[in-house]
Amino acid sequence: LSAGLIFFPVTIKNINKYQPWEINSLWNLIKEKYSEEIAGYKYCLLDYRTTDLQPGDIQVGLPHWHTDCTLDMNHQTRPEIHFMWQDGPPGSETRFLNIKAQGLIGLNSVSQAQYEEMFKTNGIVAKPRHLIKYNRFTIHKPNPATEAGKRTFIRITFTDLVKPLE
């Protein structure tokens, strides 16, 4: 089963300065390439982070294999569409399983060790400076940095389920 992952390179001018207005480059690309897919969603969420990492550090709060936005794969809302862009020190790339979580009995029915085994044959490491499109059914996890450096993470989510913070 394919998780519907799409990767393509994106260069953002002056990204090393880590300025929030460079998100506009991603936003414009998403609107241009995916306008029909994102049309009609109630909410658009932005997650933007820069972090200084040391070897062994991860940037995000969920260090294990997980999906984004909902634990209920069969929720009646239209599945979210996520677009992620990252850059950082070696090893800090996000890892994806190229299987659908929907095909599993439940995320917690599979141990973290079993996910690691699945990754050996069905895993994809996100390339830095590529836009990654994925959805509610895509299982992924952050990877610890192997070298020190600054990591930038941008995720834009289109959803009918998760309301933005007010």
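Residues numbered from 1 in each chain as written. Predicted model: local features only at pLDDT ≥ 70, side-chain atom pairs only at ≥ 80, totals over all residues. Heavy atoms only, no water.

Novice: Looking at this model, I keep getting lost on the overall build of the chain. Mind explaining?
Specialist: The number of helices and strands found in the chain is two helices and eight strands. Along the chain direction, N to C, the helices and strands of the chain fall in the order β-α-β-β-β-α-β-β-β-β. Relative to its 166 residues, the chain shows a buried fraction of 44%. In the chain, once contacts between residues fewer than 6 apart in sequence are set aside, the share between residues at least 24 apart is 87%. (Helix = DSSP H or I, 4+ residues; strand = E, 2+ residues; numbered from the N terminus. Buried < 20%, exposed > 50% of the residue type's maximum accessible area, 1.4 Å probe, protein only. Contact = heavy atoms within 4.5 Å.)

Novice: What should I look at first to understand the side chain of Thr 157 in this one?
Specialist: By secondary structure assignment, the location of Thr 157 is in strand β8 (residues 149–159). With a relative accessible area of 3%, Thr 157 lands in the buried category. Within polar-contact distance, the side chain of Thr 157 engages the side chain of His 82 at 2.8 Å. Excluding its chain neighbours within four sequence positions, the residues that come into contact with Thr 157 are Tyr 43, Cys 44, Leu 45, Cys 69, Glu 80, Ile 81 and His 82. (Polar contact = N/O pair within 3.5 Å; in protein donor to acceptor, adjacent residues only side chain to side chain.)

Novice: Would you take a moment to explain the confidence of the model for the chain for this structure?
Specialist: Any region with low pLDDT has predicted coordinates that should not be read closely. This prediction gives the chain a mean pLDDT of 79; 78% of its residues lie at or above 70. When mean pLDDT is taken per element in the chain, strand β3 (residues 81–87) scores highest with 91 and strand β1 (residues 6–9) scores lowest with 48. Scored below 50 in pLDDT, residues 1–19 shows 58 contacts in the model against residues more than four places distant or in partner chains. (pLDDT = per-residue confidence, 0-100.)

Novice: I keep staring at the nonpolar core and nothing clicks. Help me out?
Specialist: Nonpolar side chains tend toward joint burial in soluble globular proteins. Counting 14 residues, the largest nonpolar core has Ile 30, Ile 38, Phe 83, Leu 131, Ile 154, Ile 156 and Phe 158 as its most contacted members. Secondary-structure elements contributing two or more residues to this core are α1 (23–38), β3 and β8. It is α1 that contributes the most residues to this core, six residues altogether. Membership of the second largest hydrophobic core comes to seven residues, among which are Ile 99, Val 110, Tyr 115 and Ile 139. (Core = buried A, V, L, I, M, F, W, Y, C linked by side-chain atoms within 4.5 Å.)

Novice: Before we go on, may I ask you to explain the environment of Asp 87 in this structure?
Specialist: In this fold, Asp 87 is placed in strand β3. When the C-alpha positions of Asp 87 and Thr 152 are compared, they lie 5.3 Å apart, and in sequence the two are 65 residues distant. One polar contact links Asp 87 to Arg 129, side chain to side chain, over a distance of 2.9 Å.

Novice: Just checking my understanding: could you explain the packing of aromatic side chains for this structure?
Specialist: Here a ring pair, both rings aromatic, is described through the centre-centre distance and the interplanar angle of the planes. A complete count under the given rule lists seven aromatic pairs for this structure. Between Tyr 34 and Phe 83, the ring centres sit 5.0 Å apart and the planes meet at 50 degrees, which makes this aromatic pair tilted. Residue Tyr 34 is located in helix α1, and its partner Phe 83 is located in strand β3; the two are separated by 49 residues in the primary sequence. For the residue pair Tyr 34 and Phe 83, the accessibility class agrees, reading buried in each case. Between Trp 65 and Tyr 115, the ring centres sit 6.1 Å apart and the planes meet at 40 degrees, which makes this aromatic pair tilted. (Phe/Tyr/Trp six-rings, centres within 6.5 Å; stacked < 30°, edge-to-face > 60°.)

Novice: How do you make sense of the pattern of salt bridges when you look at a structure like this?
Specialist: A side chain with one charge can pair with a side chain of the opposite charge if their charged atoms come near. Under the counting rule described, the total for this entry stands at 11 salt bridges. The salt bridge partner of Arg 49 is Asp 47, with a shortest N-O separation of 2.4 Å. Among the residues examined, Asp 47 registers a relative accessible area of 15% and is labelled buried. As a salt-bridge pair, Arg 136 and Glu 80 come within 2.9 Å of each other at their nearest N and O atoms. Within this pair, whereas Arg 136 is found in the loop between β6 (130–135) and β7 (138–141), its partner Glu 80 is found in the loop between β2 (43–53) and β3, the two being separated by 56 residues in sequence. Residues joined by salt bridges that share partners form a network here, namely Asp 47, Arg 49, Asp 68 and Arg 155. (Salt bridge = Lys/Arg side-chain N within 4 Å of Asp/Glu carboxyl O.)

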